[in-house]
Amino acid sequence: MNFFERLALRSPEIIIQQNIPLKKFTTLRVGGPADCFAEPASEEALEVLLDAARECQIPVLLMGNGSNLLVKDGGFRGLVIRLGKAFSAIEPTEKGLFAQAGALMSALSRAAADAAFTGLEFAQGIPGTVGGGVYMNAGAYGGEMSQVVESVRVLRDGKTEILSGTDMDFGYRHSKAMDEGMLVLGATFHLEKGDPNAIEAAMQDFAARRKEKQPLEYPSAGSFFKRPQGHFAGALIEQSGLKGFSVGGAQVSEKHAGFLINTGDATASDFLALMEKVQETVWRNFQVALQPEVRIVGDEK
């Protein structure tokens with residue numbers, strides 16, 4: 001019994017699309033087609049998809065807003081599952097908020113502010129989802145997910161579990177979910193009550209700083225490289241004279257050298273070639289190895 005037959009038997013309402021270009025679903029606006037693409041309407045549907053893929057030995061890529069993802073031009077040979085609106089609920093808890101994996105980080109930050117909770121102001125401009133934010137311990141302006149995550153609901157080896165924030169082994173742009181291939185379904189955030197005016201002021205300040213310093217008018221994946229110990233990636237790239245350097249439609253932003261942007265017609269190959277150029281130049285000049293923060297998946301064309 002093949003993958004489609006298993007799905008038809010177990011859950012015929014699940015819709016599978018084929019050969020869907022993933023560039024439509026990534027903030028870099030690059031990426032080839034997925035063999036199969038699905039947006040499940042419930043956790044039950046998600047589990048059916050994962051079970052069928054596992055039984056048929058089909059690779060799976062789970063994605064949210066595609067904000068930290070570079071899909072190669074050949075696309076993804078397997079099943080891409082996108083957690084969208086059906087996984088975007090944000091609900092109050094006794095001491096904070098619970099958010100499903102597909103909820104946008106900006107929406108979570110807004111919900112916290114509306115309830116006069118402080119601690120999530122840093123997330124107001126992060127373009128990713130809660131699932132991705134927890135998975136990679138996203139952060140900005142001195143804040144990160146590890147500081148506010150109380151517990152995480154995950155799917156591990158086909159079973160749903162609740163892990164504490166401590167159990168997640170959070171580090172810089174890292175969590176246990178990365179190490180063990182866990183799927184983040186949602187998270188509970190422990191937050192403190194704060195002054196609504198101060199919360200709004202902080203969010204407006206962060207938004208103004210982003211607008212001033214980041215190339216928000218172009219498709220990008222945010223900071224393309226991790227911060228090397230003792231340095232700032234953007235500063236090293238700028239000091240290497242690479243601001244504005246391009247490969248095809250991929251360019252080192254002239255506004256912030258830590259951002260690699262799509263000027264309109266970039267391919268994933270352009271970004272990969274630009275990444276290698278930046279890494280080689282920074283290493284030659286400073287003997288500092290830059291590691292991509294962006295997750296790179298898929299096949300070459």
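Before reading on, note that the structure itself is shown above.
Now for a look at the structure at hand. (Residues numbered from 1 in each chain as written. Predicted model: local features only at pLDDT ≥ 70, side-chain atom pairs only at ≥ 80, totals over all residues. Heavy atoms only, no water.)

### Focus: the pattern of salt bridges
Opposite charge on two side chains makes pairing possible when the charged atoms of those side chains draw close.
In step 1: With the rule as written, the count across this model stands at 17 salt bridges.
In step 2: The residue arginine 6 makes a salt bridge to glutamate 55 at a minimum N-O spacing of 2.8 Å. With a gap of 49 residues between them, arginine 6 in helix α1 (residues 3-10) and glutamate 55 in helix α2 (residues 43-55) connect regions that are remote in the sequence.
In step 3: Given a relative accessible area of 39%, glutamate 55 falls into the partly exposed group.
In step 4: With a closest N to O distance of 2.5 Å, glutamate 180 and arginine 156 form a salt bridge. Of this pair, glutamate 180 sits in helix α5 (residues 176-180) while arginine 156 sits in strand β11 (residues 149-156), and the two are 24 residues apart along the sequence.
In step 5: Judged by relative accessible area, which is 18%, arginine 156 ranks as buried.
In step 6: Here the salt bridges do not stand alone but share partners, grouping Arg6, Arg10 and Glu55 into one network. (Salt bridge = Lys/Arg side-chain N within 4 Å of Asp/Glu carboxyl O. Helix = DSSP H or I, 4+ residues; strand = E, 2+ residues; numbered from the N terminus. Buried < 20%, exposed > 50% of the residue type's maximum accessible area, 1.4 Å probe, protein only.)

### Describing unusual backbone geometry
Glycine aside, negative phi is the norm for most residues, and most peptide bonds take the trans geometry.
In step 1: A positive phi angle, close to 50°, is found at asparagine 137, a residue other than glycine.
In step 2: Relative accessible area serves as the criterion here: at 0%, asparagine 137 is assigned to the buried category.
In step 3: At arginine 173, a residue that is not glycine, the phi angle is positive and equals roughly 50°.
In step 4: Checked against the element boundaries, arginine 173 lands in the loop between β12 (159-164) and α5.

### Details of the environment of isoleucine 20
In step 1: Of note, isoleucine 20 is situated in strand β1 (residues 17-21).
In step 2: Here the alpha-carbon distance between isoleucine 20 and glutamate 238, two residues 218 residues apart in the chain, equals 37 Å.
In step 3: Apart from the residues lying within four places of it in its own chain, the contact partners of isoleucine 20 are Phe25, Gly32, Pro33, Ala34 and Phe37. (Contact = heavy atoms within 4.5 Å.)

### Brief notes about the pairing of strand β13 (residues 183-190)
In step 1: Burial analysis of β13 places 7 of its 8 residues in the buried class, which makes it a mostly covered element.
In step 2: Pairing of strand β7 (residues 96-100) with β13 involves 5 bridges; the strand directions are antiparallel. When the sheet's bridge partners are listed, glycine 96 is paired in β13 with histidine 190.
In step 3: Bridge count between β11 and β13: 6 bridges; the pairing is antiparallel. Within β13, the position partnered with arginine 153 by the bridge is glycine 186. (Pairing = 2+ DSSP bridges.)

### With respect to the sheet that holds β13
In step 1: Spatially, 5 strands are ordered β6-β7-β13-β11-β12 in an open sheet, and the strand pairing comes out antiparallel. Bordering the open sheet on either side are β6 (90-92) and β12, each of which pairs with just one other strand. The mean angle between the axes of side-by-side strands here comes to 20°, regardless of whether they run parallel or antiparallel.
In step 2: Sheet topology places β11 next to β12; 6 bridges connect them, and they run antiparallel. Paired with valine 152 across the two strands is leucine 163, which belongs to β12.
In step 3: Contacting β6, β7 and β13, helix α3 (residues 105-114) crosses the sheet at an angle of about 155° to β7. (Axes fitted to C-alpha atoms, helices over the stretch in contact; angles between N-to-C directions.)

### Digging into the environment of phenylalanine 271
In step 1: Tracing the sequence through the fold places phenylalanine 271 in helix α8 (residues 268-286).
In step 2: Sequence separation between phenylalanine 271 and serine 246 is 25 residues, and the spatial gap between their C-alpha atoms is 9.2 Å.
In step 3: Beyond its immediate stretch of four places on either side in the chain, phenylalanine 271 contacts Leu28, Val30, Leu70, Phe224, Ala250, Leu260, Ile261, Asn262 and Ala266.

### What to know about α8
In step 1: Taking 1.5 Å as the rise per residue, α8 with 19 residues should run 27 Å; its terminal C-alpha atoms sit 27 Å apart, in good agreement.
In step 2: For α8, the complete set of buried residues consists of Ala268, Asp270, Phe271, Leu272, Leu274, Met275, Val278, Thr281 and Val282.
In step 3: Buried residues in α8 make contact with β4 (69-71), α7 (233-239), β16 (246-247), β17 (250-252), β18 (259-262) and β19 (295-297).
In step 4: One or two residues past the end of α8 sits glutamine 287, with phi positive at roughly 55°. (Expected span 1.5 Å × (residues − 1).)

### What to know about the sheet that holds β18
In step 1: Here we have 4 strands laid out as an open sheet, ordered β15-β18-β17-β16, and antiparallel in their pairing. The outermost strands of the open sheet, each flanked by one partner alone, are β15 (220-223) and β16.
In step 2: Summarising the sheet, β15 and β18 pair through 2 bridges and their orientation is antiparallel. Within β18, the position partnered with serine 220 by the bridge is isoleucine 261.
In step 3: Relative to β17, α8 is tilted by about 30°, and along the sheet it contacts β16, β17 and β18.

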